[in-house]
Amino acid sequence: MTCYSPDLRHKVVKIYQQGNTSIRAVAQQFQISTSTVQRYLKQYQQTGDLTPQKPGSKRKSVLSQHEAVALA
């Protein structure tokens, strides 16, 4: 899955913050999902930045504690 450009992300947040519109309307206008709009708004409120995040989870594998034994 590709990331949307930072320019598009800023436009989405700017249109929503101007008011007089809903998340659904913004999503339809830019042809993206409502959850994407919500995610951008949440990210902007928490960090003030809309740079795409690295994909994947930050969780470690349950088996990582046994890595040394498996490699030996």
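Quick note: structure is the one above.
Draft legend 1. Structural view of the overall build of the protein. If you tally the helices and strands in the protein, you get four helices and zero strands. Put simply, the protein runs from its N terminus to its C terminus through helices and strands in the order α-α-α-α. Its C-alpha atoms give the protein a radius of gyration of 18 Å, more than 25% over the compact-globule value 11 Å for 72 residues. Its C-alpha atoms give the protein principal-axis dimensions of roughly 60 × 20 × 20 Å.

Draft legend 2. Just the nonpolar core, in detail. Among the nonpolar cores identified, the biggest contains eleven residues, and these are Leu8, Val12, Val13, Val26, Ala27, Phe30, Ile32, Val37, Tyr40, Leu41 and Leu50. Of all the secondary structure elements, the ones that give two or more residues to this core are helix 1 (6-17), helix 2 (23-30) and helix 3 (34-47). Contact partners of Ile32, with chain neighbours within four places excluded, come to Tyr4, Val12, Ala27 and Val37.

Draft legend 3. Region of the structure containing helix 2. Within helix 2, burial applies to Val26, Ala27 and Phe30. End-on, the buried residues of helix 2 take up no more than an arc of 100 degrees, which puts them together on one face. Exposed residues on helix 2 whose side chains face more than 90 degrees from its buried face are Arg24, Gln28 and Gln29. Against helix 1 and helix 3 lie the buried residues of helix 2.

Rules behind the numbers
Residues numbered from 1 in each chain as written. Predicted model: local features only at pLDDT ≥ 70, side-chain atom pairs only at ≥ 80, totals over all residues. Heavy atoms only, no water. Helix = DSSP H or I, 4+ residues; strand = E, 2+ residues; numbered from the N terminus. Rg over C-alpha atoms; globule rule 2.2 N^0.38 Å. Core = buried A, V, L, I, M, F, W, Y, C linked by side-chain atoms within 4.5 Å. Buried < 20%, exposed > 50% of the residue type's maximum accessible area, 1.4 Å probe, protein only. Contact = heavy atoms within 4.5 Å. Arc of directions from axis to C-beta.

Honestly, it's all geometry; don't read function into it.
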